[in-house]
Amino acid sequence: MLALTLAAPAAAGPKVFSLDQCADQYVLALSPREAIVGLSTRADDADSRLREQAGGLPLRRSTLESVLAAKPDVVVRHWGGDARLLAALRRHGVAVVDVPEAQDFDDVRASLRAVGAALGQPARAEALSREMDRRLARAAGAWGGARALYVTPGGATAGEGTLIGAMLKAAGLSSAAERPGYSTVSLEQLVMKPPTAVVLGFFDSFMLANTYWGPGRHQALRGAAEGRTIASLPGAVLGCPGWFVAEAAETLAARASK
């Protein structure tokens, strides 16, 4: 149903330019291709969730000259573009839509609706939101509250108030992080009180290249992860506050029966 909805012919909306890789995902998913006048230069990188859809579309630098030359009606951004660039774009009559960091899936839903409205594609936004909700429903409660440690190659973990924490909760896992938000894994606590399960994030080869000696490779973590790792989730699914993080929750839930 989702595929049919997104494949249905749609009138070309406002011309749109994306300033960064996370904004790229929203633009690629919601805008008709003919209305996309610019994506970031990272739109086709290995950690871009919709990289295959970026093929054949213009990849442009996020500078004022580059954006204005493309003549967009709307610019979408998550972290791309500084305050001066955004102010200059608005002075030139370009609408700027922000995709803020998400603390939970309700925030993702709000971003989908905001970008969908700006691009004249509310139906596409609602279709993605419904698909996200279906995945979350299939994942719900699978692990029965088991304590799980999420960790990246750099030793980062996530607790309450983060989309990663919401992803764990959606699959019925409780985060082993010692405090809310993002923090660094306590190796001492890891040894003293190992989690029931370990969820690895960004351990795909693209992300490992720059973190070979990171805390995520420490012997204490290796020991805790041995026999407890339930999934290694790729950066393309986790790297942006998007609806596709629900795919990760569904993946974790599927491992509960194994």
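One can find the structure itself at the top, above this paragraph.
An account of the accompanying structure is given in this report. None of these values were measured; they are calculated from a predicted model.

**Some thoughts on the sheet that holds strand S9 (residues 197-201)**
Spatially, the 4 strands line up as an open sheet ordered S7-S5-S9-S10, and their pairing is parallel. The sheet is open, and its two edges are formed by strand S7 (173-175) and strand S10 (229-233), each paired on a single side. Put simply, the sheet's adjacent strands are angled 30° from each other on average, direction ignored. Bridge count between strand S5 (residues 146-151) and S7: 3 bridges; the pairing is parallel. Pairing of alanine 148 across the sheet is with serine 175, part of S7.

**Focus on the state of the cysteines**
Counted under the stated rule, the structure contains 1 disulfide. At a sulfur-sulfur separation of 2.1 Å, the disulfide partner of cysteine 22 is cysteine 240. On the sign convention where negative is left-handed, the bridge of cysteine 22 and cysteine 240, at about -85° about the S-S bond, is left-handed. In this pair, cysteine 22 is assigned in helix H2 (residues 21-30) and cysteine 240 in the loop between helix H11 (235-238) and helix H12 (245-256), connecting sequence segments 218 residues apart. Of the two residues examined, cysteine 22 and cysteine 240, each falls in the buried class.

**Digging into the pairing of S9**
Counted residue by residue, S9 has 5 buried out of 5 residues, so it is predominantly covered. Side chains Ala197, Val199 and Gly201 of S9 all project onto a buried face; the interleaved residues Val198 and Leu200 project onto the opposite face, where all are buried too. For S5 and S9, the ladder comprises 4 bridges, and the chain directions are parallel. Directly across from alanine 148, in S9, lies its bridge partner alanine 197. Across 4 bridges, the pairing between S9 and S10 is parallel. Bridge assignment links valine 199 to a residue of S10, and that residue is alanine 231.

Rules used in this analysis
Residues numbered from 1 in each chain as written. Predicted model: local features only at pLDDT ≥ 70, side-chain atom pairs only at ≥ 80, totals over all residues. Heavy atoms only, no water. Pairing = 2+ DSSP bridges. Helix = DSSP H or I, 4+ residues; strand = E, 2+ residues; numbered from the N terminus. Axes fitted to C-alpha atoms, helices over the stretch in contact; angles between N-to-C directions. Disulfide = S-S within 2.5 Å. Buried < 20%, exposed > 50% of the residue type's maximum accessible area, 1.4 Å probe, protein only.

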